[in-house]
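Given next are the chains, with one letter for each unit.
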Amino acid sequence: DRPAMTAASGALRALVALACVHGAALQALYPDNGVLTKLDSKGWEAMQADLQHVWVVEFYADWCGHCKQFASAYQKAAASLAPFVKFGAVNADVSPDIMAAQGVNGYPTVKIYLPEVTTNPYTGAASR
């Protein structure tokens, strides 16, 4: 029994070391100081309260291969349209509650949020 336990603990140590190396190599997909707004629960509430701008929001995970491929094009679009449209990103691992509330089941998912405009039924005038 003793040698099997030693072999198992050695394998466990190797797995832990591999996980630590992998975790250290896993970097955030988007920098904190970029053209995108990282949306956690606080940022999400602020985005929802912004009734003046169109928002394009990507729902992603740092470990997702498709998200990694999409990231550079998304950042270029954000930089190109920055004066007109706001871009945000919600990390699935950080904010699973937002992902669930928005019905996101796969990554990357991109949704567009338009400013809320109401129209007076009598005059046809638009207001916010």
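Note that this is a predicted model, so its numbers are computed, not measured.

Cut-offs applied
- Residues numbered from 1 in each chain as written.
- Predicted model: local features only at pLDDT ≥ 70, side-chain atom pairs only at ≥ 80, totals over all residues.
- Heavy atoms only, no water.
- Helix = DSSP H or I, 4+ residues; strand = E, 2+ residues; numbered from the N terminus.
- Contact = heavy atoms within 4.5 Å.
- Areas by Shrake-Rupley, 256 points an atom, 1.4 Å probe, with all protein chains shown as cover.
- Salt bridge = Lys/Arg side-chain N within 4 Å of Asp/Glu carboxyl O.
- Buried < 20%, exposed > 50% of the residue type's maximum accessible area, 1.4 Å probe, protein only.
- Core = buried A, V, L, I, M, F, W, Y, C linked by side-chain atoms within 4.5 Å.
- Expected span 1.5 Å × (residues − 1).
- Bend = angle between axes of the 7 residues up to and from the residue.
- Phe/Tyr/Trp six-rings, centres within 6.5 Å; stacked < 30°, edge-to-face > 60°.

Asks: Please clarify how the overall build of the chain should be interpreted in this entry.
Replies: Each helix and strand counted, the chain has four helices and six strands in total. Secondary structure elements in the chain, listed N-terminal to C-terminal, are α-β-α-β-α-β-α-β-β-β. Counting only contacts in the chain whose residues sit at least 6 apart along the sequence, the fraction spanning at least 24 positions is 72%. Of the roughly 8600 Å² of accessible surface on the chain, 59% is carried by carbon and sulfur atoms.

Asks: Please clarify how the pattern of salt bridges should be interpreted in this entry.
Replies: Pairing is possible between side chains that carry opposite charge, provided their charged atoms lie close to one another. As enumerated under the stated definition, the model contains two salt bridges in all. Ionic pairing is found between K38 and D32, a salt bridge with its closest N-O pair at 3.0 Å. Residue D32 is classed as exposed on the basis of its relative accessible area of 71%. The partner of K86 in a salt bridge is D50, and the shortest N-O contact between them spans 3.7 Å. A residue pair is termed long-range when its members are at least 10 positions apart, and K86 in strand β3 (residues 85-91) and D50 in the loop between α2 (41-49) and β2 (54-60) qualify at 36 residues. Residue class for K86 comes out partly exposed when judged on its relative accessible area of 33%. Using a relative accessible area of 16% as the deciding quantity, one classes D50 as buried.

Asks: What is the right way to look at the nonpolar core in this model?
Replies: Nonpolar side chains in soluble globular proteins tend to end up buried together. With 26 residues, the main nonpolar core has Y30, W44, V57, F59 and V90 as its most contacted residues. For this core, the secondary structure elements donating two or more residues are α2, β2, α3 (65-81), β3 and α4 (96-101). Top element by residues in this core is β2. It accounts for five residues. If sequence neighbours within four positions are ignored, F59 has contacts with W44, V90, I98, M99, Q102, V104, Y107, P108, T109, K111 and Y113.

Asks: Can you walk me through α3 in this structure?
Replies: In an α-helix, one turn spans 3.6 residues, which is why side chains three or four residues apart end up on the same side. A rise of 1.5 Å per residue sets the reference length of α3, with its 17 residues, at 24 Å; its end C-alpha atoms lie 25 Å apart and thus fit the reference within 8%. If you look at α3, its biggest bend is around 35 degrees, right at A71. What α3 keeps buried is the set C67, A71, Y74 and A78. Contacts made by the buried residues of α3 are with β2 and β3.

Asks: What exactly am I supposed to notice about the packing of aromatic side chains here?
Replies: For any pair of aromatic rings, the description consists of the separation of the ring centres together with the inter-plane angle of the planes. Per the stated rule, a full pass over the model turns up seven aromatic pairs. Taken together, a centroid distance of 6.1 Å and an interplanar angle of 55 degrees make the contact between W44 and F59 tilted. Here W44 is found in helix α2, whereas its partner F59 is found in strand β2, with 15 residues between them in sequence. Accessibility classification places W44 together with F59 in one group, the buried group. Ring-pair connections join several aromatic residues into one group, and the members of that group are Y30, Y60, F70, Y74 and F87.

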